[in-house]
Amino acid sequence: MLFSACASNEGGAPADSESTLSGTLDGAGASSQDSAQQAWVAAFQIENPDVTINYEPSGSGAGREAFIAGGVSFAGTDSALSDEEIAGEFGSCVADTGYVQVPAYISPIAVIFNVEGVEELNVDATVLAGIFKGTITTWDDAAIVALNEGVTLPSAPITAVHRSDDSGTTKNFSDYLGKVAPDVWDAEATDTFPYPDAKGEAAQGTSGVVSAVTDGTNTIGYADASKAGDLGVAKLKVGDEFVSYSPEAAAAVVDGSPAVEGRDATDLAIKLDRNTTDPTHYPLVLVSYIIACQEYTDAEVGPLVHDYVAYLTSEAGQAEAASSAGAAPLSSELSAKVATAIESIK
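The present account deals with the structure reproduced in this document.

Criteria and thresholds
- Position numbers for residues count from 1 along each chain, tracking the sequence in the order it is written.
- With pLDDT at 70 or above as the cut-off, local features in this predicted model cover only qualifying residues; side-chain atom pairs require 80 or more to be listed or tallied, and sums for whole chains, interfaces and linings still use all residues.
- As a rule here, side-chain values cover all heavy atoms of the structure and leave hydrogens and water aside.
- Going along the chain from the N terminus, every DSSP run of H or I of four or more residues is numbered as a helix, and every run of E of two or more is numbered as a strand.
- A radius of gyration in this sense is built from C-alpha atoms; the matching globule rule multiplies 2.2 Å by the number of residues raised to 0.38.
- For every residue, the accessible area (1.4 Å probe, protein chains only) is compared with the maximum for its type, and the residue is labelled buried under 20%, exposed over 50%, or partly exposed between those bounds.
- Working rule for contacts: check all heavy atoms of both residues, and any pair within 4.5 Å makes them a contact.
- All accessibility values rest on the Shrake-Rupley procedure with a 1.4 Å probe; residue burial counts only the protein chains present in the view.
- Within this scheme the basic residues Lys and Arg register as positive and the acidic residues Asp and Glu register as negative, but His and the chain ends are omitted.
- Think of each charge as sitting on NZ of Lys, CZ of Arg, CG of Asp or CD of Glu.
- Between rings of Phe, Tyr and Trp, where Trp is taken as its six-membered ring, a pair exists when centres lie within 6.5 Å; planes separated by under 30 degrees are stacked, by over 60 edge-to-face, and by other angles tilted.
- Any N or O atom pair separated by 3.5 Å or less is treated as a polar contact, with the protein-specific requirement of one donor-capable and one acceptor-capable atom, and with residues adjacent in sequence counted only for side-chain atom pairs.
- Paired strands, in this sense, are two strands between which DSSP finds at least two bridges.
- The criterion for a disulfide is a pair of cysteine sulfur atoms lying within 2.5 Å.
- Here, a salt bridge means any side-chain nitrogen of Lys or Arg that lies within 4 Å of a carboxyl oxygen of Asp or Glu.

Details of the overall build of the protein
Step number 1: Per the secondary structure count, the protein includes 11 helices and 12 strands.
Step number 2: For the protein, whose C-alpha radius of gyration is 20 Å, the value lies close to the compact-globule estimate of 20 Å for 346 residues.
Step number 3: The proportion of buried residues among the 346 residues of the protein is 54%.
Step number 4: Look at the contacts in the protein between residues 6 or more apart in sequence, and 76% of them connect residues 24 or more apart.
Step number 5: About 14,200 Å² of surface is accessible on the protein, with carbon and sulfur atoms providing 46% of the total.
Step number 6: Positive and negative side-chain charges in the protein, numbering 14 and 51 respectively, have mean positions lying 8 Å apart.

This is the structure we're talking about:
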């Protein structure tokens, strides 16, 4: 899927200014960013008609691989670069120069469901872990019933839908379950779904999971909240309360979480606090990053990447993502750090 857009400066070029940018910019990665990328692209096209930006929502793992190989000039990823990836080389970057990794899209992960006769559903991390690991297999299991007083749950098999591709959404989902329900979810947080032998269904990309849950019977899955549509969305137990996702609750978790230790100043990876018991927080959240070079081997690419990333992380770009995809805007403190990091792109 290709999106056309145009690059701009940090806050977007004024309507009466004439853009001098031209060229083509290719990116790929997180499908969670799909709705936001479409909105960013559409807004850019108005300001810079001589620039084309193509973004393929191929998944976080595929995006990082393409960027590392030099196949794209920037990547979107819900899973921050690993230490092993950082230790290698990036194909589009000048040798011995750094990289930039900045948060661009903050969104809750929705637990979506399509269960016959059920309009509202409460879950906690232990139940979710059991469902997706395959140890809880029917909707009237006692553990689910105990969380849903007054709800008639069918005596029917659960079809749990997970991602078949390498996915940052999967890594965030797995990270949450591993930290909050470690006695059940004993796998490492990885982009690959860690229990492939569990009964359920695998689907490609965010859209694939949503389609499988929608078209199936007595199904449950996980997806970026912007894609939940008309499906049921479970409430998640945080502390002593069951809470619905919201951009504000997702942003609260991010603001209360520390940076990943040992990274360069231009790498703003965040270590999310999944174990919060504050019901104003929604800990099943993803932070989707943009990865770029500090200096490109193709000198004409640098200004395009700089201006595009500066726009989508600007106040205007974040407002566009909030409006079109329900994303949580970057806080003012985080925005300032992001702007500083982006200035190094050339």
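What about the packing of aromatic side chains?
Step number 1: Applying the stated rule across the entire model yields 13 aromatic pairs.
Step number 2: Between the aromatic rings of Phe132 and Tyr222, the centroid separation amounts to 5.7 Å while the plane-to-plane angle is 65°, which identifies the pairing as edge-to-face. Taken together, the residues span a long stretch of sequence, with Phe132 in helix 4 (residues 125-133) and Tyr222 in strand 8 (residues 219-224) at a distance of 90 residues. We note that Phe132, like Tyr222, is buried.
Step number 3: Taking the centre distance of 6.4 Å and the plane angle of 80° together, the rings of Phe173 and Trp185 count as edge-to-face. Taken together, the residues Phe173 in helix 6 (residues 168-180) and Trp185 in the loop between helix 6 and strand 7 (201-203) connect sequence positions 12 residues apart. Accessibility classification places Phe173 together with Trp185 in one group, the buried group.

Quick word on the environment of Asp124
Step number 1: Checked against the element boundaries, Asp124 lands in the loop between strand 5 (122-123) and helix 4.
Step number 2: Residue class for Asp124 comes out buried when judged on its relative accessible area of 18%.
Step number 3: It is 9.6 Å that separates the C-alpha atoms of Asp124 and Ala234, two residues lying 110 residues apart in sequence.
Step number 4: When sequence neighbours within four positions are dropped, the list of residues in contact with Asp124 reads Leu147 and Lys237.
Step number 5: Side-chain polar atoms of Asp124 contact the backbone nitrogen of Val127, separated by 2.8 Å.

So, the side chain of Arg274
Step number 1: With respect to the helices and strands, Arg274 occurs in the loop between helix 8 (247-255) and strand 12 (285-293).
Step number 2: Assessed through its relative accessible area of 2%, Arg274 is described here as buried.
Step number 3: Of the polar contacts made by the side chain of Arg274, one reaches the side chain of Asp175; its length is 2.9 Å.
Step number 4: At 2.8 Å, the side chain of Arg274 forms a polar contact with the backbone oxygen of Val285.
Step number 5: Once residues lying within four places of it in the same chain are set aside, the contact partners of Arg274 are Asn172, Asp175, Tyr176, Lys179, Val180, Pro283, Leu284 and Val285.

Some details on the sheet that holds strand 10 (residues 235-238)
Step number 1: One open sheet holds the 3 strands; their spatial order is 5-10-11, and the pairing between them is mixed. Of all strands in the sheet, those with a lone pairing partner are strand 5 and strand 11 (241-243), marking the two edges.
Step number 2: Bridge count between strand 5 and strand 10: 2 bridges; the pairing is parallel. The residue bridging Val123 from the neighbouring strand is Leu236, located in strand 10.

Quick word on the state of the cysteines
Step number 1: Under the definition given, this model contains 1 disulfide.
Step number 2: In this model Cys93 forms its disulfide with Cys293; the gap between the sulfur atoms is 2.0 Å. Here the disulfide of Cys93 and Cys293 is left-handed, its torsion about the S-S bond being about -80°. Linking Cys93 in the loop between helix 3 (83-87) and strand 4 (99-114) with Cys293 in strand 12, this pair joins segments that are 200 residues apart in sequence.
Step number 3: Residue Cys93 is classed as buried on the basis of its relative accessible area, which comes to 8%.
Step number 4: Relative accessible area serves as the criterion here: at 0%, Cys293 is assigned to the buried category.

Some words on the pattern of salt bridges
Step number 1: Summed over all chains, the structure comprises 10 salt bridges.
Step number 2: Across the salt bridge formed by Lys133 and Asp186, the nearest N and O atoms sit 3.3 Å from each other. Of this pair, Lys133 sits in helix 4 while Asp186 sits in the loop between helix 6 and strand 7; the two residues are 53 residues apart in sequence, bridging distant segments of the chain.
Step number 3: For Lys133, a relative accessible area of 23% gives the class partly exposed.
Step number 4: Assessed through its relative accessible area of 56%, Asp186 is described here as exposed.
Step number 5: It is possible to trace a salt-bridge network through shared partners that takes in Arg64, Glu85 and Asp191.

Quick notes on the pairing of strand 3 (residues 74-77)
Within a regular strand, side chains alternate between the sheet's two faces.
Step number 1: On strand 3, burial covers both faces: Phe74 and Gly76 on one face and Ala75 and Thr77 on the other are all buried.
Step number 2: Across 3 bridges, the pairing between strand 1 (residues 23-29) and strand 3 is parallel. The residue bridging Ala28 from the neighbouring strand is Ala75, located in strand 3.
Step number 3: The pairing of strand 3 with strand 12 spans 3 bridges and is antiparallel. Pairing of Thr77 across the sheet is with Tyr289, part of strand 12.

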